[in-house]
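Reading the structure
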Amino acid sequence: MSNLASRGDLQRWAPLLVLVALIVFFTLVNPNFLSLKNFARISISATPPLMVAIGATFIIIMGSIDLSMEGSVAVCAVIFATLFTALGGTLGGWGWVALPACLIVGAICGLVTGTVHVGLRIPSFMASLSMGFVGIGLSLMMTGGDRIRVEDPLFRSLLTQRFLGFPLMVHVAFAVLLAAWFIQRKTTLGRNFYAVGGGEELAHASGLNVRRVRIAGFALAGVFYAFGALFAVAQLGIAETATGYNFMFVSITSIVVGGTALWGGSGGVWNTLVGVLIVNVINNGMIVMGLPRYVQDGVLGLLVIIAVVLSTDRKSLAFVK
Amino acid sequence: MNLHSLKKHFPWMTLVALTLFVGILDPNFLRLDNLIALAGDISTLFIMALGITFVIYIGSIDLSAQSVANMITVLATLFLAQLGWFAAPVCIAIGALFGLVSGYVSNRLKVPSFIATLAVGGIALSVGQYASGQKALYMDAGLRNEAFGWIIGTTAGLPREMIIAFVLLVVALIIERRTVLGRALQAIGAGEPAAIASGLRVNRYKMIAFAISGAFAAMAGLIFAVKLSGGSPVMANGFLLPAIVAVLVGGTPLTGGVGGVLNTFIGALIVAVIRTSMLYLNVPPTAQQIFFGLVLVGAIALTIDRSKVRTVK
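What counts and how
Residues numbered from 1 in each chain as written. Chains lettered and ligands numbered in written order. Predicted model: local features only at pLDDT ≥ 70, side-chain atom pairs only at ≥ 80, totals over all residues. Heavy atoms only, no water. Helix = DSSP H or I, 4+ residues; strand = E, 2+ residues; numbered from the N terminus. Rg over C-alpha atoms; globule rule 2.2 N^0.38 Å. Buried < 20%, exposed > 50% of the residue type's maximum accessible area, 1.4 Å probe, protein only. Contact = heavy atoms within 4.5 Å. Buried area = accessible area lost by both parts, 1.4 Å probe. Salt bridge = Lys/Arg side-chain N within 4 Å of Asp/Glu carboxyl O. Polar contact = N/O pair within 3.5 Å; in protein donor to acceptor, adjacent residues only side chain to side chain. Nonpolar A, V, L, I, M, F, W, Y, C, P; charged D, E, K, R; others polar. Phe/Tyr/Trp six-rings, centres within 6.5 Å; stacked < 30°, edge-to-face > 60°. pLDDT = per-residue confidence, 0-100. Axes fitted to C-alpha atoms, helices over the stretch in contact; angles between N-to-C directions. Parallel < 35°, antiparallel > 145°, perpendicular 65-115°, else oblique. Left-handed = near helix turned anticlockwise from the far one by under 90°. 1 Å grid on protein atoms, 1.4 Å probe; cavity = no way out; pocket = protein on both sides within 12 Å on 5 of 7 lines; lining within 4 Å. Points joined across faces, edges and corners; volume = space filled by probe spheres on them. Patch = residues over 30% accessible without salt bridge, like charges linked within 9 Å, V, L, I, M, F, W, Y side chains within 5 Å. Areas by Shrake-Rupley, 256 points an atom, 1.4 Å probe, with all protein chains shown as cover. Expected span 1.5 Å × (residues − 1).

1. So, the overall build of chain B
Each helix and strand in chain B was counted, giving 14 helices and four strands. Relative to its length of 313 residues, chain B is compact, with a C-alpha radius of gyration of 19 Å against a globular reference of 20 Å. Seen through its C-alpha atoms, chain B measures out along the principal axes to roughly 55 × 50 × 35 Å. The 313 residues of chain B split such that 58% are buried. Sequence-distant contacts in chain B: of pairs separated by 6 or more residues, those separated by 24 or more amount to 77%.

See the structure below:
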């Protein structure tokens, strides 16, 4: 029994240990790694993926998966930028309306994906992959393949203004993370995600409207994707279809590496924070070490395989599709 | 004749209906040379879809096919300079190896196939970018014609790619219908627990299915590279969605067990006709992706066998 507990403990703390080990390793390789300036750099690059990954965490806790984030982020970013420009192009005027509008667009994207998945009863990975393709197509159609510039200094201050050494967007993202933690711990919806992920039939038998929880989960995730889109636009000052590029792979990898099991029912937003940091520390560390950027995809691919393998209790699985 | 027995005939009926529909819009569409050009254009996509069919047939999925094809366009271009025609078997072997790795990760390490293939696809993407130095590469025209001249051009008025695709269809059909492997895959698709219980080495056969998919994706990449006389790590982007659509609208459901390579043949033709009809209807190319995404959802919803998935996650 004690053996079992230690295995559980190890699994629980492994992601954090990995993160610490990575930081120590990269610091030994290059002492410049361990500096406030570099940590600010890591946190900036980690902010948009963190938002997206938090949203997807709720879905993975339910035992489903969402692969639509590239489309959703692109649609949110493009609609935000279009609306923002149309409303005067500055947060000082009516442009602020575009911010809540963007979050609503995100929720609608999620709502559609969730409804397709639950209503048509098709597996979430395929429903969301298809809707992701639709989203990319939609954003391409809206922009015609062009970039929309968002140069409002007030909006860009999310990146340019620093507080305690970190840009404003990092602080805002931390507030969003706390909000997500609140939803996860203190709301019925948050607890229901775990109930559905822990055992759907049991949750259904105890009177939970599983279908509604699932759809709500996708809509909630969409709101976080919209936050990710906003930060990505604030970071680059550009909204385009490619704004969503790579979010799917990075966010899923981060969640799994953070210790949220793909089977659902365990993990949470703090795990995802650790996972996102691991992925971004590796990316940053590889750059500090002088490795080219494109090695990332391969490393992420290996990481996700290792993480899923380590987090799987394979004896409990009959067979895997 | 109830709806269930009719379901089997949906794909070819859709194909005939669509073809007639476009034919009425523009009678030129039904001219033989136009139809041949249409089939020629879809060949590469069809070859990729053929491979994916084997994986979907056993109830898994392969999302790495596009990345493998991308990688192969780069590797084929590089190898051509050194190996000549021998680049072809090397490329196909590399594709099969990537498929085998996907199969190993998903079957032995019990990682769900969509994640496993996504991850292996990421590795393939990295290899492609590394090998190409992140730029487009071009084949030497003389070398290409000497080694792979047989892939391009026409024979008796038919595009050679189409002939190759047809040969590969026959090969896939033989694998499916006339080999122990094909039979085993049918058993796995029909019911994996029963296949395990009857002593079949299910894991081994499933891994081979993934390897076949990788090999076909490599062939698609190779032909694409020769056709465009070069390679780049993003060349085959946009193949994955229509390839999966072709498998599913052909009538092989996501849950596997029914359908097969002949269905994918019909599915690929449906995709080709839809694409062409969009040109006639002046639908912008960007909207095609939206449309195919929706078609994919519809095809899955119509064909999936819900008795096989106890809870839809």
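2. Some points on the interface of chain A and chain B
Counting from both sides, the interface comprises 48 residues of chain A and, opposite them, 47 residues of chain B. Across the chain A to chain B interface the summed buried area is about 4,300 Å²; carbon plus sulfur atoms make up 74%. The interface formed by chain A and chain B holds zero salt bridges in total. Counting across the chain A and chain B interface gives two residue pairs in polar contact (both at pLDDT 80 or more). Looking at the side of chain A that touches chain B, the elements with two or more residues in it are helix H4 (98-119), helix H5 (124-143), helix H9 (200-205), helix H11 (247-258) and helix H13 (295-311) of chain A. Broken down by class, the residue content of the side of chain A that touches chain B amounts to 32 nonpolar, nine polar and seven charged.

3. A short note on the packing of aromatic side chains
For any pair of aromatic rings, the description consists of the separation of the ring centres together with the inter-plane angle of the planes. All names here are of chain A. In this structure the tally under the stated criterion is 17 aromatic pairs over all chains. A centroid spacing of 6.2 Å and a plane angle of 25° characterise the contact between Trp 94 and Trp 96, whose relative ring orientation is stacked. The structure contains a cluster of three or more aromatic residues connected by ring pairs, namely Phe 25, Phe 26, Phe 33 and Phe 39.

4. Describing the environment of B:Leu35
Along the chain, the position of B:Leu35 falls in helix H3 (residues 32-57). The class of B:Leu35 is partly exposed, set by a relative accessible area of 29%.

5. Quick word on the confidence of the model for chain A
Per-residue confidence for chain A gives a mean pLDDT of 89, with 94% of residues at or over 70. By mean pLDDT, the top-scoring element of chain A is H4(A) (96), and the lowest-scoring one is helix H1 (residues 2-29) of chain A (79).

6. Structural notes on the environment of B:Cys91
All names here are of chain B. Tracing the backbone through its elements, the reader meets Cys 91 in helix H5 (residues 87-107). Note on Cys 91: relative accessible area 0%, which makes it buried. Between the alpha carbons of Cys 91 and Met 139 there is a distance of 15 Å; along the sequence they are 48 residues apart. Beyond its immediate stretch of four places on either side in the chain, Cys 91 contacts Ile 72, Leu 75, Ala 76, Phe 79, Ala 218 and Leu 222.

7. Topic: the packing of helix H8 (residues 160-178) of chain B against helix H9 (residues 180-190) of chain B
All names here are of chain B. One can describe the packing of H8 onto H9 by two numbers: an axis separation of 5 Å at closest approach and a directional angle of 65°. One element, H8, and the other, H9, form an angle in the roughly perpendicular class. Of H9, the residues touching H8 (which contributes Ile 175, Glu 176, Arg 177 and Arg 178) are Val 180, Leu 181, Gly 182, Arg 183 and Gln 186. Residues that form the contact of H8 with H9 fall into these classes: three nonpolar, two polar and four charged.

8. Digging into the packing of helix H3 (residues 69-86) of chain A against H5(A)
All names here are of chain A. As a packed pair, H3 and H5 sit with axes 7 Å apart at the nearest point and diverge in direction by 25°. Considering the angle they form, H3 stands roughly parallel to H5. Relative to H5, H3 is oriented so that their crossing is left-handed. Where H3 approaches H5, its residues Glu 70, Gly 71, Ala 74, Val 75, Val 78 and Ile 79 are matched on the opposing element by Gly 132, Gly 135, Ile 136, Leu 138, Ser 139, Met 142 and Thr 143.

9. What to know about empty space enclosed by the protein
All names here are of chain B. Using the criterion set out here, one finds one cavity of 30 Å³ or more in the structure. Of the voids in this model, the largest cavity is the one considered here, and its volume is about 70 Å³. As for the largest cavity, its lining consists of Thr 53, Phe 54, Tyr 57, Glu 176, Gly 182, Leu 185, Gln 186 and Val 261. For the lining of the largest cavity, the secondary-structure elements that each account for two or more residues are H3 and H9.

10. Regarding the side chain of A:Ser130
Summarising the element assignment, A:Ser130 is placed in helix H5. Judged by relative accessible area, A:Ser130 falls into the buried class, the value being 0%. With near-sequence residues (within four places) excluded, A:Ser130 lies in contact with B:Gly293, B:Leu296, B:Val297 and B:Ile300.

11. Here we look at a nonpolar patch on the surface
On the surface, A:Leu10, A:Trp13, A:Leu16, A:Leu17, A:Val20, A:Val24 and A:Leu28 cluster together into a nonpolar patch covering about 710 Å² of accessible area. Given the relative accessible area of 46%, A:Val20 is considered partly exposed.

12. Some thoughts on helix H14 (residues 285-303) of chain B
Spanning 19 residues, H14(B) covers 27 Å between terminal C-alpha atoms, matching the ideal 27 Å at 1.5 Å per step. For H14(B), the complete set of buried residues consists of B:Ala287, B:Gln288, B:Ile290, B:Phe292, B:Gly293, B:Val295, B:Leu296, B:Val297, B:Ala299, B:Ile300 and B:Ala301. In this structure, the buried side of H14(B) is in contact with H4 and H5 of chain A together with helix H12 (240-250) and helix H13 (261-280) of chain B.

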